[in-house]
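What follows is each chain in one-letter form.
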Amino acid sequence: MKKPSMNKDIKRFGVYRILSKMLVTASHIKNTDDYDHYTHNIHHYIKSSKYYKNQDWYKQRGIEQKLILLPVQMHLDLEKSAMSDAKFYQKYGIERTKLLFRKKYSEY
């Protein structure tokens, strides 16, 4: 199965952003033209390739895909395994697990 484009994912899942340490809907983002790519990235909560290969597994467990608008540096730090979860929280004030699905740290 070929994975959809980012614009198709935006239409399907919508986009969230961080506000006061919480994820809130960013309803103004309808496609990839609606944000500055130099300052922000859209991040898949569940890695796109894993989600599309195992959609049924996620659906059975009630785990939903989300797209999250993140500042570029935050997105880079989120993906870095060298940065501990505690350091990530200290720097950004939000738990990494709210932004990145990891089976090891999830309850389903």
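How each quantity is defined
- Residues numbered from 1 in each chain as written.
- Predicted model: local features only at pLDDT ≥ 70, side-chain atom pairs only at ≥ 80, totals over all residues.
- Heavy atoms only, no water.
- Helix = DSSP H or I, 4+ residues; strand = E, 2+ residues; numbered from the N terminus.
- Rg over C-alpha atoms; globule rule 2.2 N^0.38 Å.
- Buried < 20%, exposed > 50% of the residue type's maximum accessible area, 1.4 Å probe, protein only.
- Contact = heavy atoms within 4.5 Å.
- Areas by Shrake-Rupley, 256 points an atom, 1.4 Å probe, with all protein chains shown as cover.
- Lys, Arg positive; Asp, Glu negative; His and termini not counted.
- Charge placed at Lys NZ, Arg CZ, Asp CG, Glu CD.
- Patch = residues over 30% accessible without salt bridge, like charges linked within 9 Å, V, L, I, M, F, W, Y side chains within 5 Å.
- Salt bridge = Lys/Arg side-chain N within 4 Å of Asp/Glu carboxyl O.
- Arc of directions from axis to C-beta.
- Phe/Tyr/Trp six-rings, centres within 6.5 Å; stacked < 30°, edge-to-face > 60°.
- Lys NZ or Arg CZ within 6 Å of the ring centre and 35° of its normal.

(A) Local environment of the overall build of the protein chain. In terms of regular secondary structure, the protein chain is built from five helices and four strands. Listing every helix and strand of the protein chain by position from the N terminus yields α-β-β-β-α-α-β-α-α. Its C-alpha atoms give the protein chain a radius of gyration of 14 Å, near enough to 13 Å, the size a compact globule of 108 residues would have. Over its C-alpha atoms, taken along the principal directions, the protein chain stretches across nearly 40 × 35 × 20 Å. Residues counted as buried form 33% of the 108 residues belonging to the protein chain. Contacts in the protein chain between residues at least 24 apart in sequence constitute 56% of all its contacts with a sequence separation of at least 6. Total accessible area computed for the protein chain in this model is approximately 7,400 Å², and 50% of it derives from carbon and sulfur atoms. When the 22 positive and 11 negative side-chain charges of the protein chain are each reduced to one mean point, those points stand 4 Å apart.

(B) Focus on a positive patch on the surface. On the surface, K47, K50, K53, R61 and K103 cluster together to form a positively charged patch. The topology assignment puts K47 in the loop between β3 (40-44) and α2 (48-53). Judged by relative accessible area, which is 54%, K47 ranks as exposed.

(C) Expanded view of helix α4 (residues 72-79). Within α4, burial applies to M74, H75, D77 and L78. In a view along the axis of α4, the buried residues occupy a sector of 165°, so they form one face of it.

(D) Geometry of the packing of aromatic side chains. The final tally for this structure, using the stated rule, is seven aromatic pairs. Ring geometry for F88 versus Y92: centroids 4.9 Å apart, planes at 45°, classification tilted. Taken together, the residues span about one helical turn, with F88 and Y92 both in helix α5 (residues 85-92) at a distance of four residues. By relative accessible area, which is 23% here, Y92 ends up partly exposed. Counting every residue linked through ring pairs, the aromatic cluster contains F13, Y45, Y51, Y52, W57, Y58 and F101. The ring of Y45 carries K66 above its face, with NZ or CZ at 4.3 Å from the centroid. A cation over an aromatic ring shows up here: K103 above the ring of W57, its NZ or CZ 4.3 Å from the ring centre.

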